[in-house]
Amino acid sequence: MLTYRGRNYLFRVSGLSLGITAGASVSRLEGWASGIRQVSDFAGTYSSVGAGGALVGGAGGVHLTNENGVMIALRGPKAGMEFAANISKIMISMK
């Protein structure tokens with residue numbers, strides 16, 4: 001859910017990740033977005049390049065940017081065992 005100027009907006013996330021992943025983990029990410037001039041700027045294709053890992057428990061995070069200049073920073077707890085190095089494309093559409 002995106003909260004923008006006191007209103008809540010539902011959105012859908014889909015994506016593709018190319019790279020190497022070994023293991024499995026679960027994350028619950030929360031964060032903030034910047035560069036939004038109007039709510040429609042939030043929708044789009046976001047890209048990210050990164051690497052990370054988890055061993056039993058830890059923290060995860062990612063920074064994403066779309067073609068409208070919106071940047072999303074997400075953080076949260078991660079549990080499991082995983083190593084990953086990848087390039088990601090995330091598509092966000094408003095419901």
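Just above, that's the structure.
Residues numbered from 1 in each chain as written. Predicted model: local features only at pLDDT ≥ 70, side-chain atom pairs only at ≥ 80, totals over all residues. Heavy atoms only, no water.

K.L.:
What is the right way to read the packing of aromatic side chains from this model?
P.N.:
Given two aromatic rings, their pairing is described by the distance between the two centres and the angle made by the two planes. Enumeration over the complete set of coordinates arrives at two aromatic pairs. Following the ring pairs from residue to residue traces out a cluster consisting of Phe-11, Phe-42 and Tyr-46. (Phe/Tyr/Trp six-rings, centres within 6.5 Å; stacked < 30°, edge-to-face > 60°.)

K.L.:
Could you clarify how one ought to interpret the nonpolar core in this entry?
P.N.:
Taken as a class, soluble globular proteins show a tendency for nonpolar side chains to be buried jointly. Counting ten residues, the largest nonpolar core consists of Leu-2, Tyr-4, Tyr-9, Ile-36, Phe-42, Tyr-46, Leu-64, Val-70, Ile-72 and Ile-92. Excluding residues within four positions of it along the chain, Tyr-46 makes contact with Asp-41, Leu-64, Thr-65, Asn-66, Val-70, Ile-72, Ser-88, Lys-89, Ile-90 and Ile-92. (Core = buried A, V, L, I, M, F, W, Y, C linked by side-chain atoms within 4.5 Å. Buried < 20%, exposed > 50% of the residue type's maximum accessible area, 1.4 Å probe, protein only. Contact = heavy atoms within 4.5 Å.)

K.L.:
Where do I start with unusual backbone geometry in this structure?
P.N.:
With glycine set apart, most residues show a phi of negative sign, and most peptide bonds adopt trans. The backbone of Arg-5 sits at a positive phi, close to 50°, despite the residue not being glycine. Following the sequence through the fold, Arg-5 ends up in the loop between β1 (2-4) and β2 (7-9). Judged by relative accessible area, Arg-5 falls into the exposed class, the value being 70%. (Helix = DSSP H or I, 4+ residues; strand = E, 2+ residues; numbered from the N terminus.)

K.L.:
Looking at this structure, I do not really get the environment of Ile-36. What am I missing?
P.N.:
Within the fold, Ile-36 resides in the loop between β4 (30-34) and β5 (44-66). On a C-alpha basis, the gap between Ile-36 and Val-70 in space is 5.8 Å, while along the polypeptide they are 34 residues apart. If sequence neighbours within four positions are ignored, Ile-36 has contacts with Leu-2, Tyr-4, Asp-41, Phe-42 and Val-70.

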